[in-house]
Amino acid sequence: MQIRDIISETKDIGKLDLINIISFTLSMRKEEILMNVEREIENEQLAHIKNLVKDRMRGKPLSYITKSKEFFSEPFFVDERVLIPRPETELLVEEALQILTKKPHISHILDMGTGSGAIGIAISKRTGTHIVCVDISMEALSVARKNAFLLQASGSIHFVCSDLFRGIKRGRKFDMVLANLPYVSHEEWDGVMVEVRDFEPKIALYGGVGGTEVYERFAREIPHYLEKDGYVICEVGGDTQGKKIKGMLETIGLTVVVKKDLSDRVRMLTGHG
Ligand code: GLN
């Protein structure tokens, strides 16, 4: 069977997804696939492609199938142990980089709830700043470590398995803390896309009944770990929730700026001491 036959025969998933699956299985770039549609595919590879197409039909995210997601122009390894980095999370990295250009003295950065390591590794790669990446999930940290190695950022990153700040010595202060913590509420959970709800780690998404339980704890603990003129950069899920978390950060004495994402939803809060 030729590449062109699979492309014309497969109707159950989108063409782009299919081409990604073929490219992944045959270890060929996508452009090469389209330029070599007459190429014969071995039976074993064909069976593999068919299995992956079935996975995709069941709703498995393409990134888990191809084990890869681009974030801030870097190819991150991902699998079911971590949340797939979202494009809107790049906002946090952009914000951090902007602050770092203005405040080059910043040298202690924490990425809380690092997951695949996307935020911390992206910042470390651009700046060489030392970063501590924290996650409650040991499994997620294995993925983050793998990414630091694959993307050659391992020298300046430390990984800590901890439930928020529990595993960090009290009194250890950071100039900047970034956090993309779980913030999906109980009510929103049923409306979450099947791809997300049935495949991505719930622990990375579900923020308790109101969605803000983890952020509440974060805001309570952070004063012990933030330098006096430190920055907190958080990802949040929308206007109502944004207001609530903004209030929490203001209560601990931070001045907070709110930013929206490309779909005009409140997505990021930057608190400054
Ligand atoms: N934005 C994520 C979603 O798509 C939620 C991420 C989070 O809870 N931190 O579902």
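As shown above, the structure is provided for reference.
In this report, the structure presented in the accompanying data block is examined. (Residues numbered from 1 in each chain as written. Predicted model: local features only at pLDDT ≥ 70, side-chain atom pairs only at ≥ 80, totals over all residues. Heavy atoms only, no water.)

Digging into the pairing of strand E3 (residues 109–112)
Selection rule: Three labels apply to residues, based on accessible area from a 1.4 Å probe with only protein chains included: buried if under 20% of the type maximum, exposed if over 50%, partly exposed otherwise in between. Every helix listed is a DSSP run of H or I at least four residues long, and every strand listed is a run of E at least two residues long, numbered separately from the N terminus. Call a crossover right-handed when, viewed with both strands pointing away from you, the route from the first strand across the helix to the second goes clockwise. The pairing criterion is simple: DSSP has to find at least two bridges between the two strands.
With burial as the criterion, each face of E3 is covered, one bearing Ile109 and Asp111 and the other bearing Leu110 and Met112. For the segment spanning E3, helix H7 (residues 118–127) and strand E4 (residues 131–135), crossover handedness is right-handed. Across four bridges, the pairing between E3 and strand E6 (residues 174–179) is parallel. The partner of Leu110 across the bridge, within E6, is Val177.

What to know about the nonpolar core
Test applied: Residues belong to a common nonpolar core when they are buried Ala, Val, Leu, Ile, Met, Phe, Trp, Tyr or Cys residues joined through side-chain atoms within 4.5 Å. Note on contacts: a residue pair qualifies if any of its non-hydrogen atoms lie within 4.5 Å across the two residues.
Val93, Ile109, Ile123, Met176, Leu178 and Ile233 are the most contacted members of the largest nonpolar core, which totals 30 residues. Within the residue set of this core, elements represented by two or more residues are helix H6 (90–102), H7, E4, helix H8 (138–150), strand E5 (157–161), E6 and strand E7 (226–235). Per-element accounting of this core gives the leading share, six residues, to H6. Look past the residues within four positions of Ile109 in its chain and what remains in contact with it is Leu100, Ile123, Thr129, His130, Ile131, Val132, Phe174, Met176 and Leu178. Counting 29 residues, the second largest nonpolar core, distinct from the first, contains Phe174, Tyr225, Val232 and Cys234.

Section: the side chain of Ser162
Here Ser162 shows up in the loop between E5 and E6. We classify Ser162 as buried; its relative accessible area is 6%. Setting aside residues up to four positions removed in sequence, Ser162 forms contacts with Val134, Asp135, Ile136, Gly167 and Ile168.

Considerations on the site of the ligand
In plain terms, the rule: A cutoff of 4 Å decides nearness: a residue is near a molecule or strand if any of its heavy atoms lies inside that distance of it. Counting of polar contacts relies on pairs of N or O atoms within 3.5 Å, with two restrictions inside protein: one atom must be capable of donating a hydrogen and the other of accepting it, and residues adjacent in sequence are counted only when both atoms are side-chain atoms. The method behind every accessible area is Shrake-Rupley, applied with a 1.4 Å probe, and residues are considered shielded solely by the protein chains displayed. Charged means Asp, Glu, Lys or Arg here, nonpolar means Ala, Val, Leu, Ile, Met, Phe, Trp, Tyr, Cys or Pro, and polar covers whatever is left, Gly included.
Taken together, the residues surrounding the ligand are Arg86, Glu88, Asn180, Leu181, Pro182, Tyr183, Ala204, Leu205 and Glu235. Leu205 has a polar backbone atom sitting 3.5 Å from an oxygen atom of the ligand. For the ligand, the protein covers 87% of the area, taking 300 Å² as the surface of the free molecule. A class-by-class count of the residues in the shell around the ligand yields five nonpolar, one polar and three charged.

A few points about the sheet that holds E5
What counts, and what does not: Axis lines are fitted to C-alpha atoms, over the contacting stretch for helices. Their N-to-C directions set the angle, which ranges from 0 to 180 degrees.
Ordered in space as E5-E4-E3-E6-E7-E9-E8, the seven strands form an open sheet in which the pairing is mixed. Looking at the sheet topology across the chains shown, the edges are occupied by E5 and strand E8 (255–260). Neighbour-to-neighbour, the strand axes of this sheet turn through a mean angle of 15°, independent of strand direction. Sheet strands touched by H6: E3, E6, E7, E8 and strand E9 (266–272). Its angle to E7, the strand with the most contacts, is close to 155°.

Describing the pattern of salt bridges
Cut-off, in case you're wondering: Any Lys or Arg side-chain nitrogen located within 4 Å of an Asp or Glu carboxyl oxygen qualifies as a salt bridge.
Inspection of the entire model under this criterion finds 17 salt bridges. We note a salt bridge from Asp55 to Arg58, for which the minimum N-O separation is 3.2 Å. You can call Arg58 exposed: its relative accessible area is 52%. Note that Arg86 is salt-bridged to Glu200, the shortest N-O span being 3.0 Å. Taken together, the residues Arg86 in the loop between strand E2 (74–77) and H6 and Glu200 in the loop between helix H10 (194–197) and helix H11 (213–221) connect sequence positions 114 residues apart.

As for unusual backbone geometry
Most peptide bonds adopt trans geometry, and most residues besides glycine take a negative phi value. Phi angles above zero are rare outside glycine, and Ser73 is one such case at about 65°. Take Ser73: it is sitting in the loop between strand E1 (68–71) and E2. Located in the positive-phi region is Gln152, a residue other than glycine, with phi close to 55°. One can find Gln152 in the loop between H8 and E5.

A closer look at the environment of Asp17
Checked against the element boundaries, Asp17 lands in helix H2 (residues 15–26). With 39 residues separating them in the primary sequence, Asp17 and Arg56 have C-alpha atoms 8.2 Å apart. Not counting the four nearest positions on each side in its chain, Asp17 is found in contact with Arg56 and Leu62.

Overview of the packing of H2 against helix H4 (residues 43–57)
To describe two helices that pack against each other, one gives the angle between their axes and the distance between the axes. Heads up, the condition is: Roughly parallel means an angle under 35 degrees; roughly antiparallel means over 145; roughly perpendicular covers 65 to 115; every other angle is labelled oblique. Handedness of a crossing is defined here by the sense of rotation of the near helix relative to the far one, left-handed for an anticlockwise turn of less than a right angle and right-handed for a clockwise turn.
One can describe the packing of H2 onto H4 by two numbers: an axis separation of 10 Å at closest approach and a directional angle of 140°. With respect to their mutual orientation, H2 and H4 come out oblique. In terms of crossing hand, the pair formed by H2 and H4 is right-handed. Here H2 contributes Asp17, Leu18, Ile21, Ile22, Phe24, Thr25 and Leu26 to the contact with H4, which in turn contributes Gln45, His48, Ile49, Leu52, Val53 and Arg56.

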